[in-house]
Amino acid sequence: SSGINAEYGDVNLFAQWGIDSLKLDGCYDNVTDFPVGYPLVTKALNATGRPILYSCSWPAYIRNKDTIPYGDIAANCNLWRNYGDIQDSWGSVASINNWIGDN
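Quick summary incoming for the structure in this document. (Residues numbered from 1 in each chain as written. Predicted model: local features only at pLDDT ≥ 70, side-chain atom pairs only at ≥ 80, totals over all residues. Heavy atoms only, no water.)

## Here's the deal with the pattern of salt bridges
Close approach of charged atoms allows side chains with opposite charge to pair. Enumeration according to the criterion identifies four salt bridges in this entry. Where Asp20 meets Arg50, a salt bridge forms, and the shortest distance between an N and an O atom there is 2.9 Å. Taken together, the positions of Asp20 in the loop between helix H1 (7-17) and strand E1 (21-24) and Arg50 in the loop between helix H2 (34-48) and strand E2 (53-56) put the pair 30 residues apart, joining distant regions of the chain. A relative accessible area of 56% places Asp20 in the exposed class. Accessibility expressed as a relative area gives 29% for Arg50, which makes it partly exposed. Between Asp85 and Arg81 there is a salt bridge whose closest N-O contact spans 2.5 Å. It is possible to trace a salt-bridge network through shared partners that takes in Lys23, Asp25, Arg81 and Asp85. (Salt bridge = Lys/Arg side-chain N within 4 Å of Asp/Glu carboxyl O. Helix = DSSP H or I, 4+ residues; strand = E, 2+ residues; numbered from the N terminus. Buried < 20%, exposed > 50% of the residue type's maximum accessible area, 1.4 Å probe, protein only.)

By themselves, these figures tell us nothing about what the structure is for.
Laid out in structure tokens, this is it:
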């Protein structure tokens, strides 16, 4: 299963497998669904009773960085991604460092 409304089934299966962490990406999703989808997964993870580290890509896909709801993100995710993919070059690392410094 996948998508909104499949969280509990997916997360329960992951917990049965004994996972210790889950990274939920935002690829090909609508950012307007993030404020609903990421917290639903949080609730599903908590309902398993298993401690599972939850990594969100929520802020990485929001174009207007001034509108990132860091309070909501921090309330739902153990850690999160703020920037795009890192590549195998110093320029990539430097661009991420510059972005973090500027934001």
